[in-house]
Amino acid sequence: MKILTDKILSQSAYTAEIDVPLEKVDIADWLFNLPEAEYLRCCPPDHIGSGVTTTDDGRRMVINVEMIGTGLVIQHYVAEEATASYCRMNSISDVFTPVGRTQVNVIWELIAEAIEGGRTRYTNRVTSHPTDVFMDFVAAHGQTFEQAAIARQEAGGDHNRRETPLFAASIARRAMAKVPAK
């Protein structure tokens, strides 16, 4: 399978501010220790399930199952970078649509930045690229890439808009619950 990085299927970035100083935020810790029930609370009813595992070569991985628009999406996010203030996750995602199954590439970036007043701005950025499998799938169903991109942009943007403030609140709760090391 080939990822078509020169084409963008969808892209969105939303931010939310939290009343926690950046020094207390640890996005990687939050992401790799996120209980499934908390994941479900971060975009009901779209979020269906999640778990943490590793790839065969030991890289950290998060599996998310969610509805985005009319597609059931299984994200297989592999950590390319995972720090307290930035995570870049890369997935070849399975998408089950009403007319069949296909695959897309999704880059999920989770970003924390200090802002004035001892607060933190959280940004949830999601970029999807088609794969050659996806391009064959849309063509086989009489759709153009442009039509598919419009639908994915609308559904993905709406999903991201709704989950971002809930992710930010969850990150803030974890940061405030952590007991300082002695």
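First, a word on scope: everything that follows refers to the structure included in this document. (Residues numbered from 1 in each chain as written. Predicted model: local features only at pLDDT ≥ 70, side-chain atom pairs only at ≥ 80, totals over all residues. Heavy atoms only, no water.)

### A word on the pattern of salt bridges
Scanning the model with the defined rule gives 14 salt bridges in all. Notably, a salt bridge pairs Arg-41 with Glu-38, separated by 2.8 Å at the nearest N-O pair. Of this pair, Arg-41 and Glu-38 are both found in helix α2 (residues 36-41), three residues apart, which corresponds to roughly one turn of the helix. Here Glu-38 falls in the buried class, since its relative accessible area comes to 9%. (Salt bridge = Lys/Arg side-chain N within 4 Å of Asp/Glu carboxyl O. Helix = DSSP H or I, 4+ residues; strand = E, 2+ residues; numbered from the N terminus. Buried < 20%, exposed > 50% of the residue type's maximum accessible area, 1.4 Å probe, protein only.)

### Considerations on the nonpolar core
Within the largest apolar cluster, 40 residues are counted, with the highest numbers of intra-cluster contacts made by Ile-27, Leu-31, Met-89, Trp-108, Leu-110 and Tyr-122. Looking at this core, the element that brings in the most residues is helix α4 (residues 145-177), giving nine residues. Those residues within four positions of Leu-110 in sequence are excluded, and the remaining contacts are Ile-27, Trp-30, Leu-31, Ser-85, Tyr-86, Cys-87, Met-89, Tyr-122, Thr-123 and Asn-124. (Core = buried A, V, L, I, M, F, W, Y, C linked by side-chain atoms within 4.5 Å. Contact = heavy atoms within 4.5 Å.)

### Notes on unusual backbone geometry
For the bond from Pro-44 to Pro-45, the omega torsion is -5°, close enough to zero to count as cis. Within the element layout of this structure, Pro-45 appears in the loop between α2 and β2 (47-54).

### Focus on the layout of surface pockets
Here the largest pocket defines a volume of roughly 380 Å³. Looking at the largest pocket, it is lined by 20 residues, and the ones nearest its centre are Thr-70, Val-95, Thr-97, Ala-148 and Ala-151. Residue assignment for the lining of the largest pocket shows that the elements contributing at least two residues are β4 (71-82), β5 (86-97), β6 (100-115), α3 (132-140) and α4. Examining the composition of the lining of the largest pocket, we find that four residues originate from one element, α4, more than from any other. (1 Å grid on protein atoms, 1.4 Å probe; cavity = no way out; pocket = protein on both sides within 12 Å on 5 of 7 lines; lining within 4 Å. Points joined across faces, edges and corners; volume = space filled by probe spheres on them.)

### Quick notes on empty space enclosed by the protein
Evaluation of the coordinates by the stated rule reveals two cavities of 30 Å³ or more. When its volume is computed, the largest cavity comes out at roughly 190 Å³. Residue lining of the largest cavity: 21 residues in total, with Glu-66, Ile-68, Val-126, His-159 and Glu-163 positioned closest to the centre. Breaking the lining of the largest cavity down by element, the ones donating at least two residues are β1 (10-18), β3 (60-68), β4, β6, β7 (119-130) and α4. Looking at the lining of the largest cavity, the element that brings in the most residues is α4, giving eight residues. For the lining of the largest cavity, the class distribution of residues is seven nonpolar, 11 polar and three charged. Surrounding the second largest cavity, Lys-24, Asp-26, Asp-29, Trp-30, Ile-171, Arg-174, Ala-175 and Lys-178 form its lining. The element best represented in the lining of the second largest cavity is α4, accounting for three residues. Here the lining of the second largest cavity is composed, by residue class, of three nonpolar, no polar and five charged. (Nonpolar A, V, L, I, M, F, W, Y, C, P; charged D, E, K, R; others polar.)

### Section: the sheet that holds β4
Strands sit in the order β1-β7-β6-β5-β4-β3-β2 across an open sheet of seven strands; the sheet is antiparallel. At either end of the open sheet lies a strand with only one pairing partner, and these are β1 and β2. Adjacent strand axes in the sheet meet at a mean angle of 20° when their direction is disregarded. With seven bridges connecting them, β4 and β5 associate as antiparallel partners. Across the sheet, residue Val-78 finds its bridge partner in β5, namely Asn-90. Of the strands in this sheet, β5, β6 and β7 touch α3, which is tilted by about 125° from β6. Strands in contact with α4 are β1, β2, β3, β5, β6 and β7; relative to β1, the strand with the most contacts, it is inclined by about 15°. (Pairing = 2+ DSSP bridges. Axes fitted to C-alpha atoms, helices over the stretch in contact; angles between N-to-C directions.)

### Topic: the side chain of Glu-163
Considering the arrangement of structural elements, one finds Glu-163 in helix α4. One buried charge, Glu-163, has no salt-bridge partner; the nearest side chain with opposite charge is Arg-162, at 8.1 Å. Reaching out from Glu-163, the side chain makes a polar contact with the side chain of Asn-124 at a distance of 3.3 Å. The contacts of Glu-163, once residues within four sequence positions are left out, are Cys-42, Cys-43, His-47, Glu-66 and Asn-124. (Lys, Arg positive; Asp, Glu negative; His and termini not counted. Polar contact = N/O pair within 3.5 Å; in protein donor to acceptor, adjacent residues only side chain to side chain.)

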